[in-house]
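Here are the chains, one letter per residue:
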Amino acid sequence: MNLPSKAIVIGCGVSLAAAAFAEAPAENAQRVFAKVAPSFVTVRVLDEQGVDAGHGSGVVVGAGLVATNCHVVREAASLQVDSVSGQFAGKWIRQDPLRDICILAVDGLSAPVASLRSAASLVVGEPVFAVGNPLGFGVAVSSGQVAVVDTKNGPPVVIASAAQSPGSSGGGLFDREGRLVGITTAVLGIGQNLNLVLSADGLDRIAVSGSPPRPPAAPPAPERRWEDEATALQRSGEWVKLESLARSWSAVQPSSAVSLTFLGFAQHVLNRNEEAVTSLHRALDLDDHFAFAWLSYAKALRAVGRLTEANEALNRAEAVRPSYAEPSAARADWLRQDGRLDEARQQFKESLRLAPGRSHIWRFLGVIEDARGDKLEAQRAFQTALRLGDANADLQQRLAQLLAGSGKADDASLITAQGRQGKNESAMTHVAIGLAEMQRKRLGPAEDALRKAIVLAPDLAVAWNGLGSVLRLTGRAAEAEKAFDQTLTLSPDAAETLTNRAILRREFGRRDAALEDVRRAIAVDAAYVSAWGLYGTLQMEARNFREAAIAFAKIDGLGKATAEYLVSFGETQSEMGDVEGGLKTLARAEALDPNLVRMCLSTAKVLVRKGDVEKAMVYWERALKVEPTNPVAWSSKGYGLMKLGRLPEAVEVLETTVRLAPDVSNGWINLGEAQLRSRNLSRAIQALEMAIILAPQAADARLFLAVAYLGYRQPEKSREQSEQLLDKQPNFAPALGLLAMTYLLEGNVLAAKAPYLKLQAVAPAIVPATLGIKPTPAAWQQRSYFQNKYCPAESLRRFWR
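Residues numbered from 1 in each chain as written. Predicted model: local features only at pLDDT ≥ 70, side-chain atom pairs only at ≥ 80, totals over all residues. Heavy atoms only, no water.

A. Inspection of the overall build of the protein at higher detail. For the protein, the count of helices and strands is 39 helices and twelve strands. Burial status across the protein gives 49% buried among its 801 residues. For the protein, long-range pairs separated by at least 24 residues make up 52% of all intrachain contacts whose partners lie at least 6 apart in sequence. Working note: accessible area of the protein is about 38,600 Å², and carbon and sulfur atoms make up 52% of it. (Helix = DSSP H or I, 4+ residues; strand = E, 2+ residues; numbered from the N terminus. Buried < 20%, exposed > 50% of the residue type's maximum accessible area, 1.4 Å probe, protein only. Contact = heavy atoms within 4.5 Å. Areas by Shrake-Rupley, 256 points an atom, 1.4 Å probe, with all protein chains shown as cover.)

B. A look at the packing of helix H19 (residues 443–456) against helix H20 (residues 461–473). Running from N to C, H19 and H20 point in directions that differ by 150°, and their axes come no closer than 9 Å. The angle between H19 and H20 places the two elements in the roughly antiparallel class. The way H19 lies across H20 gives a crossing that is left-handed. In this structure, H19 contributes Leu443, Ala446, Glu447, Leu450, Arg451, Ala453 and Ile454 to the contact, and H20 contributes Ala463, Trp464, Gly466, Leu467, Val470, Leu471 and Leu473. Class assignment of the residues belonging to the contact of H19 with H20 gives a composition of eleven nonpolar, one polar and two charged. (Axes fitted to C-alpha atoms, helices over the stretch in contact; angles between N-to-C directions. Parallel < 35°, antiparallel > 145°, perpendicular 65-115°, else oblique. Left-handed = near helix turned anticlockwise from the far one by under 90°. Nonpolar A, V, L, I, M, F, W, Y, C, P; charged D, E, K, R; others polar.)

C. Inspection of the sheet that holds strand S9 (residues 157–160) at higher detail. Judged by pairing direction, the barrel is antiparallel, and its six strands sit side by side in the order S7-S8-S9-S12-S11-S10 before closing back on the first. Adjacent strand axes in the sheet meet at a mean angle of 45° when their direction is disregarded. Across three bridges, the pairing between strand S7 (residues 127–132) and strand S10 (residues 172–174) is antiparallel. For Ala130, the partnering residue across the bridge sits in S10 and is Leu173. (Pairing = 2+ DSSP bridges.)

D. Expanded view of the sheet that holds strand S3 (residues 65–69). Spatial ordering of the closed barrel is given by S1-S2-S3-S6-S5-S4, a layout of six strands whose pairing is antiparallel. Each adjacent strand pair in this sheet contributes to an overall mean axis angle of 40°, direction not counted. Summarising the sheet, strand S5 (residues 86–96) and strand S6 (residues 101–106) pair through six bridges and their orientation is antiparallel. Paired with Trp92 across the two strands is Leu104, which belongs to S6.

E. Expanded view of the packing of aromatic side chains. A full pass over the atoms with the stated rule returns nine aromatic pairs. Summarising the aromatic geometry, the rings of Trp249 and Phe262 are spaced 6.0 Å apart at their centres and angled 35° between planes, so their arrangement reads as tilted. Taken together, the residues span a long stretch of sequence, with Trp249 in helix H7 (residues 239–252) and Phe262 in helix H8 (residues 257–269) at a distance of 13 residues. In this structure, Trp249 and Phe262 share a single accessibility class: buried. One cation-aromatic arrangement involves Arg224 over Trp226; the distance from NZ or CZ to the ring centre is 4.2 Å. Directly above the aromatic system of Phe364 lies the positively charged group of Arg363, at a separation of 5.4 Å from the ring centroid. (Phe/Tyr/Trp six-rings, centres within 6.5 Å; stacked < 30°, edge-to-face > 60°. Lys NZ or Arg CZ within 6 Å of the ring centre and 35° of its normal.)

F. Representation of the packing of H20 against helix H21 (residues 477–490) in the model. For the pair H20 and H21, interaxial distance at closest approach is 8 Å and the crossing angle is 165°. Relative to H21, the element H20 lies roughly antiparallel. The way H20 lies across H21 gives a crossing that is left-handed. Residues Ala461, Trp464, Asn465, Gly468, Ser469, Leu471 and Arg472 of H20 pack against Ala477, Glu479, Ala480, Ala483, Phe484, Gln486, Thr487 and Leu490 of H21. Its residues placed into classes, the contact of H20 with H21 shows eight nonpolar, five polar and two charged.

G. Summary view of the state of the cysteines. Applying the stated criterion across every chain, the model contains one disulfide. Across the disulfide from Cys70 sits Cys102; the S-S distance is 2.0 Å. Because the torsion about its S-S bond is 105°, the bridge between Cys70 and Cys102 counts as right-handed. Taken together, the positions of Cys70 in helix H4 (residues 70–73) and Cys102 in strand S6 put the pair 32 residues apart, joining distant regions of the chain. With respect to burial, Cys70 and Cys102 carry one shared label: buried. (Disulfide = S-S within 2.5 Å.)

H. Molecular detail of the nonpolar core. Grouped together as the largest cluster of nonpolar side chains are 96 residues, with contacts concentrated most on Val518, Tyr535, Met599, Trp620, Leu671, Leu676 and Leu738. Discounting residues that sit within four places of it in the chain, Leu671 has contacts with Val651, Leu654, Glu655, Val658 and Ala687. Grouped together as the second largest cluster of nonpolar side chains are 35 residues, Trp226, Val258, Leu280 and Trp334 included. (Core = buried A, V, L, I, M, F, W, Y, C linked by side-chain atoms within 4.5 Å.)

I. Spatial organisation of the pattern of salt bridges. Across all of its chains, the model carries 46 salt bridges by this definition. Linking Glu369 and Arg345 is a salt bridge whose minimum nitrogen-to-oxygen distance equals 2.8 Å. Of the two residues, Glu369 sits in helix H14 (residues 359–371) while Arg345 sits in helix H13 (residues 341–354), which places them 24 residues apart along the sequence. In this structure Arg345 comes out as buried when scored by relative accessible area, which is 19%. Taking the shortest distance from any N to any O, the salt bridge between Arg501 and Asp485 comes out at 2.7 Å. (Salt bridge = Lys/Arg side-chain N within 4 Å of Asp/Glu carboxyl O.)

J. Just the confidence of the model for the protein, in detail. Residues of the protein with pLDDT of at least 70 account for 89%, and the chain-wide mean is 84. Within the protein, the element-level pLDDT minimum falls on helix H1 (residues 5–12), averaging 36, and the maximum on helix H27 (residues 579–592), averaging 95. This stretch, residues 1–20, has a pLDDT under 50; its non-local contacts, to residues over four places away or in other chains, come to 20 contacts. Throughout residues 769–801 the model reports pLDDT below 50, and contacts reaching past four residues in sequence, or to other chains, amount to 54 contacts. (pLDDT = per-residue confidence, 0-100.)

K. Looking closely at the side chain of Asn273. Mapped onto the secondary structure, Asn273 falls in helix H9 (residues 273–286). At a separation of 3.1 Å, a polar atom in the side chain of Asn273 contacts the side chain of Asn271. For Asn273, the residues in contact, after removing those within four places along its chain, are Gln267, His268, Ala300, Ala303 and Val304. (Polar contact = N/O pair within 3.5 Å; in protein donor to acceptor, adjacent residues only side chain to side chain.)

L. Focus on the environment of Leu647. Tracing the backbone shows Leu647 in helix H31 (residues 647–660). When its relative accessible area of 17% is taken as the criterion, Leu647 is described as buried. Placed 29 residues apart in sequence, Leu647 and Leu676 show a C-alpha to C-alpha distance of 10.0 Å. Those residues in contact with Leu647 that sit more than four places away from it in its chain are Met642, Ala674, Arg677 and Ser678.

M. Examining the environment of Ser296 more closely. When you line up the elements, Ser296 lands in helix H10 (residues 291–303). According to the relative accessible area criterion, Ser296 is buried, its value standing at 2%. The spacing of Ser296 and Gly264 is 32 residues in sequence and 7.4 Å in space, taken between C-alpha atoms.

N. Structural view of the pairing of strand S12 (residues 195–199). The buried fraction of S12 amounts to five of the five residues, a majority that puts the element mostly inside the structure. Covered by surrounding structure in S12 are Asn195, Val197 and Ser199 together with Leu196 and Leu198, the residues of both alternating faces. Relative to S12, S9 runs antiparallel, the two being bridged by four bridges. Each bridged residue has a counterpart across the sheet, and for Ala160 the counterpart in S12 is Asn195.

O. Geometry of helix H28 (residues 597–610). Given a rise of 1.5 Å per residue, 14 residues ought to cover 20 Å, and the 20 Å separating the end C-alpha atoms of H28 matches this to within 8%. Of all 14 residues making up H28, ten are buried, and the element is well covered by its neighbours. Here the buried face of H28 lies against helix H26 (563–575), H27, helix H29 (613–626) and helix H30 (631–643). One or two residues past the end of H28 sits Gly611, with phi positive at roughly 100°. (Expected span 1.5 Å × (residues − 1).)

P. Structural view of a nonpolar patch on the surface. Where nonpolar side chains cluster on the molecular surface, the patch consists of Met690, Ile693 and Leu694 and spans about 250 Å² of accessible area. Mapped onto the fold, Leu694 is located in helix H33 (residues 681–694). (Patch = residues over 30% accessible without salt bridge, like charges linked within 9 Å, V, L, I, M, F, W, Y side chains within 5 Å.)

Q. Spatial organisation of helix H12 (residues 326–337). The end-to-end C-alpha distance of H12 is 16 Å, a good match for the 16 Å that twelve residues give at a rise of 1.5 Å each. In terms of burial, H12 is a largely internal element, ten of the twelve residues being buried. Within H12, burial applies to Glu326, Pro327, Ser328, Ala329, Ala330, Arg331, Ala332, Asp333, Trp334 and Leu335. Tucked into the core, H12 has its buried residues touching H10, helix H11 (307–320), H13 and H14. Once H12 ends, the next one or two residues include Gly339, with phi positive near 80°.

Below you can see the structure in the form of structure tokens.
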């Protein structure tokens, strides 16, 4: 409807008239909304199949009568009216076509009738409140003022500043008393936030005296609905059929740009882009104002590498149809492919501004947010896409994974239950839930989800592999191995499963079987880091350091070396004698994670091997700062203090070690040695006896215990320990010397002779040629070392006397 220019000028002066009214507070809007909401309805437009094709708003103006805009209901095959009391079928019965107002009859509707107010009583600047269903998000209220009241040019018209959006057409504009001022109709482009309202004058009369709806025109002779068929095939993704249909359509209607556009679109999706470019160019020759053709042409051009032309075509699509959301979405996807995620995100948001109801654009926005690492925003976007009807299986699977990862496993399961997925898709979603739960250490729910996946798809290898991992983590090793076996039956070359089974077999002590699995995994995927890492670990345990170094060097070469892998690499280099190389690799690990305890302990160990105990002490101290109760760090520090000759401190530290880890032998051995060096023989004996209880095969514990017993004048017990050492190592020189001294301590020179002569044979530099001959200077030097390390002074004096 055209308005006189002076009416618009009058509207610019509303601020003067508005001064007469207090600015409407939020409480007014809430009060008005509470009063009028029962009289408000949503009018849903249904197509021939009863599918929701759009919606508008309406106001109850009589018993079972609803007023709305005619443009809301004109194209409907049928109508549904939603109110606070339920859903009802609506029927268009009367209209005032000049005012775009239609009356619907709604059987069964029980709602209060809105009070009407004449436009003549309105004052410019008066507060008013618009109630509608903007964008289908639910009933909402907005406040504003009367800007213009035109009662002189035909039926009364009101222009108000209360905000409106698509979906508000047919809603009500109310005054502060909740009286209906008019029916909201359109947003004007002549000013910011100015909206056209059709006055409520005469609404009650239209129901009686309005003209009936025009009967539908007689249908023309049946003609094949080419475009509908093409659109249906496009939606279902049947591209070969779409191409065939488009060719037939083009043959019947050779001047149809639409048929050629669908043909080019299908060829593009089928990756025949040169053909697509030709078909779409022909379409644009026929109609260069067809936005969908420009969009499809842009995509095909980009696919063949003609990037500049592709961008120009996309710009033409936007210029031809500025409200078309798809070009922005396409540009956003191109930016995503180019790694420009922030720009892609802005483009998708622009697309959603133009078309907030397009589910696939919400899905793409979710993909972008996910790639940017914003899991919460990705989750929200995916949920919106799902709510708008997107049935994409990948979307549902990723959303379920995000929900499970954020602790909402029940919501994730609900999405799976409500989704329109096939069994395999539903199973994959359960796998996603299970893996996310396993990552959060919620092993019970993880197992439940993975078992559901197996019920739905018994041949789904990834589900069996996930179940095997859960079973291993819950200590059911035998069941876990069976699950991994089943995975490999279904997928023999699954590198991840081979590695998982190798981990399990290593835990069983079946090292050869573990090596066989991990070698197969590496053969399947030479870049699978976990397999190389396990292979290196197995070789380290077997003291095959050269092979271990090859494995960790491979990981390093792949650019996937974590701090942990670099520590293992540094350890293997050191064990092979490359101490400096090992320290350099450990320094790289330190740069990645300076507080990694294992790195600290390994670096200290290598430094001790190099002879730099003082520097090693720095790393032990750092390890204890990170983990104050780490028994290995305490034991190592005590050993270092002992090496530095700081025996009282060493004893104190090692006593802390055994209090923290009384079941670990190493701490007791080090404490026993420290007490022995401190000449605290009884305490040394106590510590070393405990060490042997915990580790009967510990040769160093037995050696120190033999020395302690000898110093404590208990030759029988010393001899018992020495003999056990010699049972394992018959030529072990320290044990031979100790055995000889136990007999000498008892005055039994004859018994001492045999071990003495054997010692002389295996270590001639340590002892003289006969019991009565003074040793050489070199022998004295060796003897001094032997004395300090293994024997109390008085025993050695007796031995050398």
